[in-house]
Amino acid sequence: MERRKGRKGLKDKEVGDDDRWLWLVHKGIAASFLCIAVFALLVRVAVSLHPYSGAGNPPKYGDFEAQRHWMEITLNLPVKEWYRNSTSNNISYWGLDYPPLTAYQSYFHGLFLRFFHPESVSLFTSRGHESYLGKLLMRWTVLSSDALVFFPAVFYFVLAYHSGRPSGQKTHIAWHIAMILLNPCLMLIDHGHFQYNCISLGLTVGAVAAVLSNKELVACSLFSLALNHKQMTAYFAPAFFSHLLGKCLRRRNPVLEVSKLGLVVLGTFALVWWPYLHSMEAFSRVLSRLAPFERGIYEDYVANFWCTTSVLVKWKRIFTMQSLKLLSLGLTVSTCLPSMVQQIWAPSSQGFLYGLLNSAFSFYMFSFQVHEKSILLPLLPASLLALEEPVLLKWITLCALFSMFPLLCRDKLILPYIALSALFIFIYHVPSARQDRKETRSFKSFVTTFLVLCSVVLHIVYLTMHPPHRYPFLFEAMIMLLCFSQFMLLAFYTNAKQWMLLKRSVLLDKEKKLH
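In every chain, residue numbers begin from 1 and rise along the written sequence. It should be noted that, the model being predicted, local features are given only for residues of pLDDT at least 70 and side-chain atom pairs only at 80 or more, the latter also being counted only at that level, while totals for whole chains, interfaces and linings use all residues. Based on all heavy atoms of the structure, the side-chain values leave hydrogens and waters out of the count.

Visitor: Explain the overall build of the chain here, please?
Guide: The secondary structure content of the chain amounts to 22 helices and 0 strands. Across the 515 residues that make up the chain, the buried fraction comes to 52%. Of all intrachain contacts in the chain linking residues separated by at least 6 positions in sequence, the fraction that spans at least 24 positions is 80%. In this description, accessible areas are obtained by the Shrake-Rupley approach with a 1.4 Å probe, and a residue is regarded as covered only by the protein chains that are shown. Of the accessible surface of the chain, which amounts to about 24,600 Å², a share of 68% is contributed by carbon and sulfur atoms. Helix and strand assignments come from DSSP, with helices taken as H or I runs of at least 4 residues and strands as E runs of at least 2, each series counted from the N terminus. Burial status follows relative accessibility: with a 1.4 Å probe on protein chains alone, a residue under 20% of its type maximum counts as buried, one over 50% as exposed, and anything between as partly exposed. Residue contacts follow a heavy-atom distance rule, with two residues in contact if any of their heavy atoms lie within 4.5 Å.

Right under this line is the structure:
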C-alpha cells in the first residue's frame, strides 16, 4: 500500500512539473522572459561602457583590479598558495578575502583572459593592467556570469513562484520578471563598479526557487554554494534554517529529514573546501581571510546602525574590538529571532520570502563590517516579493540607490545612476503591469513628499557644493541618516507583515478543523 502511495506521489510530482512547463508555454511566459532578458543584457552592456572602481587610480586601483588580481594569483600559483602570504602573493595587495568558490571562479575567468590576452593576467607584470582588450574581457566575464547563473535562476524562480499561484495576467508576471532582472543597484555594482554579486545572488535565487518547489536537498546544495562564493550570503542563512527546520518538524521523521539536509550541506562544503582540509593551519588561514575584523565595525558611511549612531556614540573609542564583536552578534541574532520563530512555528512560502528580507535587514543593520554594497542582499527578497509589496520595492530600491550615491560618484557613474533610476521608475509605473496598484494615502502624505524633496536637494548639494573643511564628510553623513531612517521603518514594517501571516495561518487551521 505504501509503495502504491509512493508511486502515486512520484507520478503527481512529475505531472506537476509537466504542468509548469505547459503553463509557461500556454501563457507565453518563456517568450516574455527571453525578451526581457535580452533587453536586460543590453542595459548591462550599456552600463559596462562607463568607468569602474579605481579606474586609472594607482597604486591599488579598486575592485576591478582586485578581481583581475585574483585571476592572476589563481592562474599562476598552486591552489594551496592562494590564501597564503608570500613573496609571490602579497596579501596586503588585494589578497583573496572570499571563500574558495570565488577563487575557483577567478581561476576559470582567468583562463578565459589568458587565452585571448595573456598579458592581462601574467604574474607581477600585470598589476594595474588597464588595456582596452583586458577591460573588455573583464566586462564579458561579468556579463557571462549574469547570463549563465543569475538569469536561469530567475527563470527557475518564476516557474516555481507563479505556477503555484492563482492564475495571474501575463503582464503582471512580465512586470515581476523585469523588476528582478532590471534591478538598478545590482547592475550598477556588478557592471559599473565591478563585482560578481550576480553569481552568489543567482545561486540564492535558485535555492529559493528550489524551496518553493519542495526540493529541499537541491536548495541546501545551492545555498551552500552561494555561501561558499560570498560569505555575505549568510545574511539569508537564518531564514533558510528556520523555514527548513519548521518544515522538517512537521514530517513523520524530523530527525531523519534534518540529517539529510545536514549531510547535503556538509558534503557541499567539504567538496568546495577540499584543497584546504588537509591541515588545520590551511583551513584556519582561509577562515581568517574571510573575517577581516581588523578593519573595524564599519567603513565609509554606510546607512546601518553602527555607522549612523557613531555620530553620537563613538563605538570604536568606548568599546574594545572583542566587545563590539559580541555586541554586534547579540543585536544581529536578537533582531533575527522573531522572524525565525515565526517560520519554525508556521512555515509558509510567503513567510519564507518575508523571512529572507527580515534576516537580511538584521544583518545589514547590525552585523560587523557592512559595506554600502551589502544593501543588495535585502533588495533581492524585496524584488522577489514585488507583486505582494510593490510600494516596498520602490521605496527600498530608491533608498538603496541613494545610499550608494557617494560610492557611485567616486566611480564616476553618475550618468548610468540617473539613467537606471529613471528606467526603474518608468518600468515600475508601466500602466496595468502591477497586480496591486494600491498605494495608500500615507505614501503620498506630507512626510513622504518631504523625504523625496530632501533626497533631491541632497543630490544637488552633493554634486554642486563643497562641504565645510571642518566636516569634510557632512553630505555623506546626511545621506546616511536619511537612508538609515527609511531602512529602519521598512524593517519594522516587514517584520510586522511576516507576523501577520501567522494570524492568517491560525484562522485557516481553525476553518479546516470546522470543516
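Visitor: So what exactly am I meant to see when it comes to the confidence of the model for the chain here?
Guide: Predicted coordinates in areas of low pLDDT are best not read in detail. For the chain, the mean per-residue pLDDT works out to 89, and 88% of the residues sit at or above 70. Scored between 0 and 100, pLDDT is the confidence that the predictor attaches to each residue. pLDDT under 50 marks residues 1-15. Its contacts with residues more than four places away, or in other chains, come to 1 contact. Throughout residues 436-440 the model reports pLDDT below 50, and contacts reaching past four residues in sequence, or to other chains, amount to 12 contacts.

Visitor: How do you make sense of the packing of aromatic side chains when you look at a structure like this?
Guide: Here a ring pair, both rings aromatic, is described through the centre-centre distance and the interplanar angle of the planes. Here the aromatic set is Phe, Tyr and Trp, taking the six-membered ring for Trp, and pairing holds for ring centres within 6.5 Å; pairs whose planes are under 30 degrees apart are stacked, those over 60 apart are edge-to-face, and all others are tilted. Under the criterion given, the structure shown has 30 aromatic pairs. Seen from their ring centres, Phe 150 and Phe 151 are 6.4 Å apart, and the 65° between their planes marks the pair as edge-to-face. One exposure class covers both Phe 150 and Phe 151, and it is buried. The structure contains a cluster of three or more aromatic residues connected by ring pairs, namely Phe 305, Trp 306, Trp 315, Phe 319 and Phe 366. Only Lys NZ and Arg CZ are tested; either one counts as a charge over a ring when it is within 6 Å of the ring centre and within 35 degrees of the ring normal. Positioned over the ring face of Trp 94 is Lys 60, at 5.0 Å from the centre of the ring. Over the ring of Tyr 298 we find Lys 316; its NZ or CZ atom is 4.3 Å from the centre of that ring.

Visitor: Before we go on, may I ask you to explain the UniProt feature "transmembrane region" (unreviewed entry) in the chain in this structure?
Guide: UniProt positions are given in the numbering used here, feature names are shortened, and annotations may be inferred rather than shown by experiment. Sites flagged by UniProt as "transmembrane region" (unreviewed entry) map to residues 21-43, 137-161, 173-189, 261-277, 414-431, 443-465 and 471-494. Structurally, residues 261-277 is divided into 76% helix and 0% strand, and its ends, taken at the C-alpha atoms, are 21 Å apart. The span residues 471-494 carries 88% helix and 0% strand; its end-to-end C-alpha distance comes to 35 Å.

Visitor: Looking at this structure, I do not really get the pattern of salt bridges. What am I missing?
Guide: Side chains that carry opposite charge are capable of pairing whenever their charged atoms lie near each other. Throughout this description, the term salt bridge denotes a Lys or Arg side-chain nitrogen within 4 Å of a carboxyl oxygen of Asp or Glu. Per the stated rule, a full pass over the model turns up 13 salt bridges. Ionic pairing is found between Arg 68 and Glu 72, a salt bridge with its closest N-O pair at 2.8 Å. Within this pair, Arg 68 and its partner Glu 72 are both found in helix α3 (residues 63-76), separated by 4 residues, close to a single helical turn. Taking relative accessible area as the criterion, Glu 72 reaches 0% and is therefore assigned buried. Linking Lys 247 and Glu 216 is a salt bridge whose minimum nitrogen-to-oxygen distance equals 2.8 Å. With Lys 247 in helix α10 (residues 237-248) and Glu 216 in helix α9 (residues 216-227), this residue pair connects regions lying 31 residues apart in the sequence. For the pair shown, Lys 247 and Glu 216 are each scored as buried.

Visitor: I keep staring at helix α17 (residues 376-384) and nothing clicks. Help me out?
Guide: Helical periodicity: at 3.6 residues per turn, an α-helix aligns residues three or four positions apart in one direction. By the criterion of burial, α17 is predominantly enclosed, with 9 of the 9 residues buried. In this structure, the buried residues of α17 make contact with α5 (132-162), α6 (170-181), α7 (184-194), α8 (197-212), α16 (349-366) and α18 (390-403).

Visitor: Is there a simple way to think about empty space enclosed by the protein in this case?
Guide: If a probe as big as a water molecule is rolled over the atoms, it shows which places are left empty. Every definition here rests on a 1 Å grid over the protein atoms only: cavities are sets of points where a 1.4 Å probe fits but cannot get out, pockets are open sets enclosed by protein on both sides within 12 Å along at least five of seven lines, and lining residues have some atom within 4 Å of a point. Grid points are joined across faces, edges and corners, and a volume is the space filled by probe spheres set on the points. Taken as a whole and assessed by the stated rule, the structure comprises 3 cavities of 30 Å³ or more. Space inside the largest cavity adds up to approximately 70 Å³. Surrounding the largest cavity, Phe 150, Ile 180, Asn 183, Leu 186, Leu 201, Leu 376, Leu 379, Leu 380 and Ser 383 form its lining. Top contributing element to the lining of the largest cavity by residue count: α17, with 4 residues. Any residue outside Ala, Val, Leu, Ile, Met, Phe, Trp, Tyr, Cys, Pro, Asp, Glu, Lys and Arg is labelled polar, Gly included; the first ten of those are nonpolar and the last four are charged. Among the residues making up the lining of the largest cavity, the classes are represented as 7 nonpolar, 2 polar and no charged.

Visitor: What should I look at first to understand the side chain of Arg 44 in this one?
Guide: Turning to its location among the elements, Arg 44 is positioned in helix α2 (residues 29-48). On the basis of relative accessible area, Arg 44 is assigned to the buried category, the value being 0%. Of the polar contacts made by the side chain of Arg 44, one reaches the backbone oxygen of Leu 181; its length is 2.8 Å. Counted as a polar contact is a pair of N or O atoms within 3.5 Å, where, for protein atoms, one must be capable of donating a hydrogen and the other of accepting one, and residues adjacent in sequence contribute only when both atoms are in side chains.

Visitor: Help me understand the layout of surface pockets, please; the structure alone is not making it clear to me.
Guide: There is about 670 Å³ of room inside the second largest pocket. Along its surface, the second largest pocket is lined by 24 residues, and Leu 398, Cys 399, Ile 425, Val 452 and Ser 455 are the ones closest to its centre. Considering every element that reaches the lining of the second largest pocket, the biggest residue donor is helix α21 (residues 446-464), with 7 residues. The residue makeup of the lining of the second largest pocket, split by class, is 17 nonpolar, 6 polar and 1 charged.

Visitor: What is the right way to look at the packing of α5 against α8 in this model?
Guide: Geometry of a packed helix pair, given as the angle between the helix axes and the separation of the axes. For helices, the fitted line uses only the C-alpha atoms of the stretch in contact; every axis is such a line through C-alpha atoms, and the angle between N-to-C directions lies from 0 to 180 degrees. Two numbers describe how α5 lies on α8: the axes approach to 8 Å, and their chain directions differ by 15°. By the criterion of interaxial angle, the relationship of α5 to α8 is roughly parallel. Note on packing geometry: the crossing formed by α5 with α8 is left-handed. Along the contact surface, α5 presents Val 142, Ser 145, Asp 146, Val 149, Phe 150, Ala 153, Val 154, Tyr 156, Phe 157, Ala 160 and Tyr 161, while α8 presents Cys 198, Ile 199, Leu 201, Gly 202, Leu 203, Val 205, Gly 206, Val 208, Ala 209, Ala 210 and Leu 212. Orientation categories follow fixed angle ranges, with anything under 35 degrees roughly parallel, anything over 145 roughly antiparallel, 65 to 115 roughly perpendicular, and all other angles oblique. In this scheme the crossing of two helices becomes right-handed for a clockwise turn of the near helix relative to the far one and left-handed for an anticlockwise turn of less than a right angle.

Visitor: Explain the side chain of Ser 367 to me, please; I cannot follow it from the model alone.
Guide: With respect to the element layout, Ser 367 can be found in the loop between α16 and α17. Overall, the relative accessible area of 8% leaves Ser 367 in the buried class. A polar contact of 2.4 Å, which involves the side chain of Ser 367, links it to the backbone oxygen of Phe 363. Those residues in contact with Ser 367 that lie beyond four places of it in its chain are Tyr 235, Ile 297, Asn 304, Trp 306, Ser 328, Thr 332 and Ser 362.

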